[in-house]
Every structure is written in structure tokens, then in C-alpha cells.
Amino acid sequence: MASPASTFEGTITEWAPKSPFGYAEWEEGRVFLHISNFAQRFKWPEVNDEVRFSMGTDEQGRPCAQNIVLLSEGGILSWKHLVLVGLLLILPGFAIPHLREWLSPWWIIDVFLITSILATVNLWFDKHYAKRERSRIPEATLHLFELTGGWAGSFLAQRYLRHKISKRSYQVVFWLIVLMYQLLALDVLLDGFLISGLRDLSVEQG
């Protein structure tokens, strides 16, 4: 029998989104987890997350995990994530050559790559700071890199790092930015209101 100070490691096998409880598998079987028993948690627990814990009992004397620490650093990008971000890049990708009158296509692509890298780095630092209870990177800063072209990199980083994907308010702003890019690309491809106005302005200034 393990002493009260003993710690164990296991993997979460059951945890519904935003549920306050779940179960983990460890060397002796299955153990109950409750969100109130987490001693350290930098995100909401999910299935396949690794945890460290000690064994204890709840108010009814039933065995459960205590002093739980979430160990998982990141997730795994699935083919679905890559396919989705690829689909979201189709319209902007076709629209870029139509902007060559004003901007070099390679310059636009470079900006997208750089801002995607910066969005990824800032998400990593924000999660790192959250785990250590340090001052966080403002969400406005994270959204700024997405708005300036880094939304695709941010999408992949959020899922790999498992960061910000459960915060509804953040996701609403993020997906509005993605929608804005899709609408702007569609406007360019269809020679819509915005691109026509930009062309007319260029003619007047010319």
C-alpha cells in the first residue's frame, strides 16, 4: 500500500469538455479526478492529458486523486487541422496574385509567414507565463498578429499548444478575423466593392 506522500502518474481517459470531473488510468486501474483537486492547472483538462497526483479520499470516503498536476505540454496536430487550415488558405491564396498592382505577392506571403511565426511564439510565451502565474501577454497583442496575417499559424499553434482553444471569447474574435480574410479574398476575386474602390483610388492618384 502506498504512503500518503506517494505520487503517481496517469493519463486522462474520460473528461467531457468543461466538465468539472473525469477519470484517469494509472498502474492500479482507474481513478476519479475533480477540477477542485488540481494543485496546478494551466488549461482545462482534456482526454489524453498526462497528470501527476497523490491518492486520497473525498468527503464520502471514496478514493480519488488529490494534489493533481497537469503534465501535458502540448497536443498533436491531426490531419483534420492541416486540411482545415489548408482550405481556409485557398481563397486568400488565389486572391494574392490579384493584388500585384499594389503589393508584391512574395511580400504578402513573407508577411503571412512572419506574423504566423510571431503569433506562435507569443502563444507559447503566454502559456508559459500562465503556468508560472506571471503577467500574461494581452489578448489584444495575440489578436494583432492574427489580424496582420498570422491567423493560420495561430490556428495551428493553438491546437498544438492546447492554448486558448477553450476560451470562447478568444475564439469568437479569432474566427471573426478568419472570416474577415475570407470575405476580403472573395471581394478581390470577384472584383467587388473594396478592390474596385482601391483601383479607382489608384487611378485618381495616378
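Relevant structure appears above.
Residues numbered from 1 in each chain as written. Predicted model: local features only at pLDDT ≥ 70, side-chain atom pairs only at ≥ 80, totals over all residues. Heavy atoms only, no water.

**Student:** Residues and numbers for the packing of helix α4 (residues 139-161) against helix α5 (residues 168-189), please.
**Tutor:** Look at α4 against α5: their axes get within 10 Å of each other, and the N-to-C directions meet at 90 degrees. Relative to α5, the element α4 is oriented roughly perpendicular. Here α4 contributes Glu139, Leu142, His143, Glu146, Leu147, Thr148, Gly149, Trp151, Ser154, Phe155, Gln158 and Arg159 to the contact with α5, which in turn contributes Tyr170, Gln171, Val173, Phe174, Trp175, Ile177, Val178, Met180, Tyr181 and Gln182. Its residues assigned to classes, the contact of α4 with α5 shows 12 nonpolar, seven polar and three charged. (Axes fitted to C-alpha atoms, helices over the stretch in contact; angles between N-to-C directions. Helix = DSSP H or I, 4+ residues; strand = E, 2+ residues; numbered from the N terminus. Parallel < 35°, antiparallel > 145°, perpendicular 65-115°, else oblique. Contact = heavy atoms within 4.5 Å. Nonpolar A, V, L, I, M, F, W, Y, C, P; charged D, E, K, R; others polar.)

**Student:** Residue-level account of α4, with values.
**Tutor:** Here α4 spans only 16 Å end to end across 23 residues, well under the 33 Å set by a 1.5 Å rise per residue. Along α4, the largest kink reaches about 125 degrees and is centred on Gly150. Positive backbone phi, at 55 degrees, marks Arg162, one or two positions downstream of α4. (Expected span 1.5 Å × (residues − 1). Bend = angle between axes of the 7 residues up to and from the residue.)

**Student:** So what's going on with a nonpolar patch on the surface? Residues and values would help.
**Tutor:** Together, Trp79, Val83, Leu87, Ile90 and Phe94 line one region of the surface with nonpolar side chains, adding up to about 550 Å² of accessible area. Within the residue set of the nonpolar patch, elements represented by two or more residues are α1 (79-88) and α2 (90-95). The biggest single contributor to the nonpolar patch is α1, with three residues. The partly exposed category is assigned to Ile90, whose relative accessible area is 39%. (Patch = residues over 30% accessible without salt bridge, like charges linked within 9 Å, V, L, I, M, F, W, Y side chains within 5 Å. Areas by Shrake-Rupley, 256 points an atom, 1.4 Å probe, with all protein chains shown as cover. Salt bridge = Lys/Arg side-chain N within 4 Å of Asp/Glu carboxyl O. Buried < 20%, exposed > 50% of the residue type's maximum accessible area, 1.4 Å probe, protein only.)

**Student:** Please give an account of the packing of α1 against α4 that cites residues and values.
**Tutor:** It is the contact of α1 with α4, at a shortest axis distance of 10 Å, that shows an interaxial angle of 165 degrees. Considered as vectors, α1 and α4 are oriented roughly antiparallel to each other. Here the hand of the crossing between α1 and α4 comes out right-handed. Residue-level contacts link His81, Leu82, Leu84, Val85 and Leu88 of α1 to Trp151, Ala152, Phe155, Leu156 and Arg159 of α4. Classifying every residue of the contact of α1 with α4 by side-chain character gives eight nonpolar, one polar and one charged. (Left-handed = near helix turned anticlockwise from the far one by under 90°.)

**Student:** Please provide a residue-by-residue account of the packing of aromatic side chains, values included.
**Tutor:** Across all of its chains, the model carries 12 aromatic pairs by this definition. Consider the rings of Phe112 and Tyr181, whose centres lie 5.9 Å apart with planes at 75 degrees: the pair is edge-to-face. Of this pair, Phe112 sits in helix α3 (residues 105-131) while Tyr181 sits in helix α5; the two residues are 69 residues apart in sequence, bridging distant segments of the chain. Judged by its relative accessible area of 13%, Tyr181 falls in the buried class. The interplanar angle of 80 degrees and the centroid separation of 5.2 Å between the aromatic rings of Phe174 and Trp175 together place this pair among those described as edge-to-face. Given a relative accessible area of 0%, Phe174 falls into the buried group. For Trp175, a relative accessible area of 32% corresponds to the partly exposed category. The ring of Trp44 carries the charged tip of Lys18 above its face, separated from the ring centre by 4.8 Å. (Phe/Tyr/Trp six-rings, centres within 6.5 Å; stacked < 30°, edge-to-face > 60°. Lys NZ or Arg CZ within 6 Å of the ring centre and 35° of its normal.)

**Student:** How would you sum up the side chain of His163? Please name residues and give values.
**Tutor:** Looking at the secondary structure, you find His163 in the loop between α4 and α5. Residue classification places His163 among the buried positions, given a relative accessible area of 4%. Here His163 is in contact with Leu123, Asp126, Lys127, Arg136 and Gln158, once residues within four sequence places are set aside.

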